[in-house]
Amino acid sequence: MESPFKEDIVRGKVALITGGGSGIGLEISTQFGKHGASIAIMGRRKQVLDSAVSALQSLGIKAVGFVGDVRKQEDAKRVVESTFKHFGRLDILVNAAAGNFLVSAEDLSPNGFKTVMDIDSVGTFTMCYEALKYLKKGGPGRGSSSGGTILNISATLHYTASWYQIHVSAAKAAIDSITRNLALEWGTDYDIRVNGIAPGPISGTPGLSKLVPDEIDNKAHEYMPLYKPGDKWDIAMAALYLACDSGKYVNGTTLIVDGGLWLSRPRH
Ligand code: HXC
């Protein structure tokens, strides 16, 4: 689908996207690149990164991949520094890396719970922590007039409660809290805007194929009036809106992009 935004809205910006090699992260990388940004993607699997970088480059996008695990602070530090060394600045950090699986609370080991908290919540904070130096107003590679921005990919499942998702619900709730607190502290001190996006079910993502079995998908529209999977494109357009000047007065919010699904109740 054609973008409603001008081609140059993030021209000259450098974006680092964790989990940028696949799913929603790759679509954000692609759309940021198509709108003028240079792209660094971070992920654990070299093969996935390599093919994503090739795909981005074939579109004429300046792209580089760095292997790393957001659970390791040394990886986070190295990747942020490598991005700066490669492109000379860092303007946008997108935390899209996530771990997930369906499991009942009674069958989930504390280490399984911790694993998802470590990837989603602690990983998000660690990346923000390491990127601060480059994103802050007056930081290396940027002038004294403005800071960069951070986008944290969240979810809607913790607004209520979700079966077999206690770990992810807790992790995404923590992410929303990180978004608000960093928006307050770093918005005030460093002119860094920090926002989130809460996608609904998105076609062609691991989230949808792993978490929504086909039989639920097929029947969902019967008991969830607003059920309609979105496209990765929908999330990338929201990311562009928040990351560029159109979102300059938006700070500390998590934009729900789910077609209204989480509000949905059966019709009586
Ligand atoms: C129960 C599980 C499990 C499963 C792992 N564990 N998978 N428990 N059911 N299916 C437990 C393990 O038993 C272990 O605990 C602990 O978690 C760590 O497991 P490892 O395999 O050692 O972890 P690791 O190799 O680091 O992998 C972590 C991972 C990750 C979370 C499993 O590889 C992963 O899921 N990647 C998928 C990425 C993905 O799908 N991303 C999109 C997410 S979608 P014990 O106690 O045995 O040591 C998304 C959308 C959310 O986020 C919103 C949806 C609406």
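Quick note: structure is the one above.
What counts, and at which threshold
Residues numbered from 1 in each chain as written. Predicted model: local features only at pLDDT ≥ 70, side-chain atom pairs only at ≥ 80, totals over all residues. Heavy atoms only, no water. Pairing = 2+ DSSP bridges. Helix = DSSP H or I, 4+ residues; strand = E, 2+ residues; numbered from the N terminus. Axes fitted to C-alpha atoms, helices over the stretch in contact; angles between N-to-C directions. Contact = heavy atoms within 4.5 Å. Patch = residues over 30% accessible without salt bridge, like charges linked within 9 Å, V, L, I, M, F, W, Y side chains within 5 Å. Areas by Shrake-Rupley, 256 points an atom, 1.4 Å probe, with all protein chains shown as cover. Salt bridge = Lys/Arg side-chain N within 4 Å of Asp/Glu carboxyl O. Buried < 20%, exposed > 50% of the residue type's maximum accessible area, 1.4 Å probe, protein only. Near = heavy atom within 4 Å. Polar contact = N/O pair within 3.5 Å; in protein donor to acceptor, adjacent residues only side chain to side chain. Nonpolar A, V, L, I, M, F, W, Y, C, P; charged D, E, K, R; others polar. Expected span 1.5 Å × (residues − 1). Arc of directions from axis to C-beta.

Student: Is there a simple way to explain the sheet that holds strand β4 (residues 92-95) in this structure?
Tutor: Note: strands within a sheet are paired through backbone hydrogen bonds, in either parallel or antiparallel orientation. Strand order in the open sheet formed by 7 strands is β3-β2-β1-β4-β5-β6-β7, with parallel pairing between adjacent strands. Edge strands, defined here as strands with exactly one partner in the open sheet, are β3 (63-67) and β7 (254-257). Each strand axis lies, on average, 20° off the axis of its neighbour in the sheet, ignoring direction. Sitting on the sheet, helix α2 (residues 46-58) touches β2 (38-43) and β3, and the angle it makes with β3 is about 175°. Along the sheet, helix α5 (residues 166-190) contacts β5 (149-153), β6 (193-199) and β7; its crossing angle with β5, the most-contacted strand, is approximately 165°.

Student: Can you help me understand a nonpolar patch on the surface in this one?
Tutor: On the surface, Leu-226, Ile-256, Trp-262 and Leu-263 cluster together into a nonpolar patch covering about 360 Å² of accessible area. Judged by relative accessible area, which is 33%, Trp-262 ranks as partly exposed.

Student: I would appreciate a short explanation of the site of the ligand in the present structure.
Tutor: Neighbouring residues of the ligand: 19 residues in total, closest Arg-71, Ala-98, Ser-109, Asn-111 and Lys-210. Take Asn-100: an N or O atom from its main chain is 3.2 Å from an oxygen atom of the ligand. Taking Asn-111, its side chain carries an N or O atom lying 2.9 Å from an oxygen atom of the ligand. The residue makeup of the shell around the ligand, split by class, is 9 nonpolar, 7 polar and 3 charged.

Student: Could you clarify how one ought to interpret α2 in this entry?
Tutor: Structural remark: α-helix, 3.6 residues per turn; residues separated by three or four positions point the same way. Taking 1.5 Å of rise per residue, 13 residues should cover 18 Å, and α2 covers 18 Å from first to last C-alpha, within 8% of that figure. Turning to α2, its buried residues are Leu-49, Ala-52, Val-53 and Leu-56. Each buried residue of α2 lies within a common arc of 100° when the element is viewed along its axis, so the set occupies one face. Exposed side chains of α2 directed beyond 90 degrees from the buried face belong to Gln-47 and Ser-58. The elements touched by buried residues of α2 are α1 (23-34), β2 and β3. Taken from the residues just after α2, Gly-60 is the one with a positive phi, measuring 85°.

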